[in-house]
Amino acid sequence: MKSFLLVPKESIETQARPGVRGTAQGERVLSRSTALRFSAAQKAPDALTALGLRSATLPGVKPEVSGQAQRGRKGARGRKASDVDATPMPGAPVTEQAGTEAGSYRFMPLIGATMAHFYSQDAEKAARGELAEEFEFIPDVVPLSFPGPVSAGQTGPRNRGMSSLAQREWPDESGVPLAHAQGIRGAGVMLGILDTGVDADHPEHASKTIQFRYVSLFPNSPHNPARDVRGFDPDGHGTHVCGIAAGVHHGVAPEVDLYAASVIESETIRTSLGRVAAGMEWLLHQFSRPENASRPAVVNLSLGFPLQPPPGISEADYLLNQRALQAMLRRLLDSNILPIVAAGNSGPDTVGYPAAFPEALAVGAVDFERNVATFSASGSVGRRVVPDVMGYGVNVYSSTERRCNNQAFYERMSGTSMAAPYVAGIAALYRCRAPDLTALEVRDLILANAIKLPRSANHRTGKGLAVFR
């Protein structure tokens, strides 16, 4: 099976046009928004359907596995032989359960793309013949992962705590205590987080309703659907990120409405472009519901591509994956949503993606004494300097997993993965105070109000430390 993200070439190369934005039915119009759908986008699902691919938006019973037709004979314990044959052996690679159809696809109108799985070379060849002139076929082969966390040994050992600290640790210079004293706590703002998930029953999050989606390993298959369930986190990274931005005890913006999509597994800390696309599409659907259509929003992405093409991945395929992710970030801005991205933990003179995209607000890390973290990524690509701004990202105290007896766990972690949600929280405070500001205006406000940092011999620090003023 081969998987491709089909993106209209015009979507990658140009900005979207003003006009109606919404689902395939076009029932919603958003203020300060531009059209997310391009003229060619609908052509892909129509062509794939005609070629015999099955839409993932029409789930049904799991199909017969190709080449294993039901013959009615019984196997062990009364099961049909085909059922026995289809059961994967322990330790076998995880693969999508393919049906007898030519493949499957999911149309994602809000990001203007279609994810397609082809079960045969003939199906892929036929689709290219129909669509290659207007669509980029972007192979889903380059893994994304979150950039940390790194060792907190820079300023002291990791410290796990069994309960919340008595007071928040955000310094007065951050402006967070002042904002909270003024009643500015993020109310009315939607915060989207794509990460490993969130423990919705942790004391840091249990008092609020979190909209949560688990995006499966095969998010665009009709046989492995994504699920909207109570939030869980197989790793703890996402819970820590959510706690920094939105935790009720320690969060920068504790009253935001939280939308979390689990797109990263704990075992590999890697994800695919398809899973990120599915998570992004879900966020856009949530944010564009009629009751949310005019509300301000921020999205945090503590994930990125490797700095260089992984072994076995061509430079061309690597660049295509990058361009597709950049187009998704552009769709966020088109929807008046501010994307905030961790710069990475590979140190100075390293620039990763999506932090290097001009659409992103890239965040580096400093400690609580304003010293730049040794791991904080920085550099330049052409005229683009990374990071744009810095956030607290060393020994940051926040929520992680709970013990079996339901006792809460907190931990200090370090990384630009921690700095980014701090800045996302600052952005939420600005959007709370002035909800009519556009995403780009909020970005400019954060940059204009940043505290300048001393020059560093090794690191770039953008406009300085992001604060609320």
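Values in this document were obtained by computation on a predicted structure and should not be read as measured data.

Each value, and the rule that gives it
Residues numbered from 1 in each chain as written. Predicted model: local features only at pLDDT ≥ 70, side-chain atom pairs only at ≥ 80, totals over all residues. Heavy atoms only, no water. Pairing = 2+ DSSP bridges. Helix = DSSP H or I, 4+ residues; strand = E, 2+ residues; numbered from the N terminus. Axes fitted to C-alpha atoms, helices over the stretch in contact; angles between N-to-C directions. Contact = heavy atoms within 4.5 Å. Phe/Tyr/Trp six-rings, centres within 6.5 Å; stacked < 30°, edge-to-face > 60°. Buried < 20%, exposed > 50% of the residue type's maximum accessible area, 1.4 Å probe, protein only. Lys NZ or Arg CZ within 6 Å of the ring centre and 35° of its normal. Left-handed = near helix turned anticlockwise from the far one by under 90°. Salt bridge = Lys/Arg side-chain N within 4 Å of Asp/Glu carboxyl O. UniProt positions renumbered as here; feature names shortened; annotations may be inferred. Polar contact = N/O pair within 3.5 Å; in protein donor to acceptor, adjacent residues only side chain to side chain.

K.L.:
I'd like a description of the sheet that holds strand β5 (residues 135-139), backed by residues and values.
P.N.:
Reading across the sheet, the 5 strands line up as β2-β3-β4-β1-β5 and stay open at both edges, with mixed pairing between neighbours. Pairing within the sheet leaves two strands with one partner each, and these edge strands are β2 (53-55) and β5. Along the sheet, successive strands turn relative to each other by an average axial angle of 25°, direction set aside. Sheet topology note: the strand β3 (residues 103-108)/strand β4 (residues 113-118) ladder contains 6 bridges and is antiparallel. When the bridges of β4 are listed, G103 appears paired with F118. Helix α7 (residues 273-287) rests against β1 (2-8), β3, β4 and β5 of the sheet, and its axis sits at about 40° to β3. In this fold helix α8 (residues 315-334) packs onto β1 and β5, with an angle of close to 115° to the strand it touches most, β5.

K.L.:
Tell me about the packing of aromatic side chains, and name the residues and values.
P.N.:
Taken as a whole, this structure holds 14 aromatic pairs when the rule is applied. Consider the rings of F4 and F137, whose centres lie 6.0 Å apart with planes at 65°: the pair is edge-to-face. In this pair, F4 sits in strand β1 while F137 sits in strand β5, placing the two residues 133 residues apart along the sequence. With centroids separated by 5.5 Å and ring planes inclined at 5°, the aromatic side chains of Y397 and Y410 adopt a geometry described as stacked. Residue Y397 is found in strand β18 (residues 396-399), and its partner Y410 is found in strand β19 (residues 410-413); the two are separated by 13 residues along the sequence. Like Y410, Y397 is buried. Just above the ring of F4 sits the side chain of R128; from NZ or CZ to the centre is 5.1 Å.

K.L.:
I'd like a description of unusual backbone geometry, backed by residues and values.
P.N.:
Residues Y353 and P354 are joined by a peptide bond in cis, for which omega reads 15°. For P354, the position within the fold is in the loop between β13 (337-342) and β14 (361-366). Cis geometry is adopted by the peptide bond preceding P387, which originates at V386 and carries an omega value of 0°. Relative to the elements of secondary structure, P387 occurs in the loop between β16 (384-386) and β17 (389-392). Of note in the backbone geometry, N336 takes a positive phi value of approximately 65° without being a glycine. With respect to the element layout, N336 can be found in the loop between α8 and β13. Judged by its relative accessible area of 7%, N336 is buried. If you check the backbone angles, R370 has positive phi at about 70° while not being a glycine. If you trace the backbone, R370 turns up in the loop between β14 and β15 (379-381).

K.L.:
Explain the packing of helix α9 (residues 416-433) against helix α10 (residues 439-449) residue by residue, including any values.
P.N.:
Between α9 and α10, the shortest axis-to-axis distance is 10 Å and the interhelical angle comes to 120°. Here α9 runs over α10; the crossing is right-handed. Of the residues in α10, those in contact with A427, Y430, R431 and R433 of α9 are A439, V442, L445, I446 and N449.

K.L.:
So what about the pattern of salt bridges? Which residues, and what values?
P.N.:
Applying the stated criterion across every chain, the model contains 15 salt bridges. A salt bridge links R370 to E173; its shortest N-O distance comes to 2.7 Å. Of this pair, R370 sits in the loop between β14 and β15 while E173 sits in the loop between β7 (160-161) and α5 (176-181), placing them 197 residues apart in sequence. Residue R370 is classed as partly exposed on the basis of its relative accessible area of 31%. For D388, the salt bridge is made with R384, and the minimal N-O distance between the two is 2.6 Å. The same class applies to D388 as to R384, namely buried. Taken together, the shared-partner salt bridges connect K2, E124 and R128 into one network.

K.L.:
Tell me what's going on with the UniProt feature "active site" (unreviewed entry) in the protein, and back it up with residues and numbers.
P.N.:
Cross-referencing UniProt, the feature "active site" (unreviewed entry) maps to D195, H237 and S417 in the present numbering. These annotated residues cover 223 residues of sequence, and their C-alpha atoms lie no more than 9.9 Å from one another, placing them together at a single site. By the element assignment, H237 lies in helix α6 (residues 237-246). Look at H237 and you get buried, because its relative accessible area is 1%. Its location among the elements puts S417 in helix α9. What makes S417 buried here is its relative accessible area of 0%. Within the local environment of S417, its side chain forms a polar contact with the side chain of H237, the two groups lying 3.2 Å apart.

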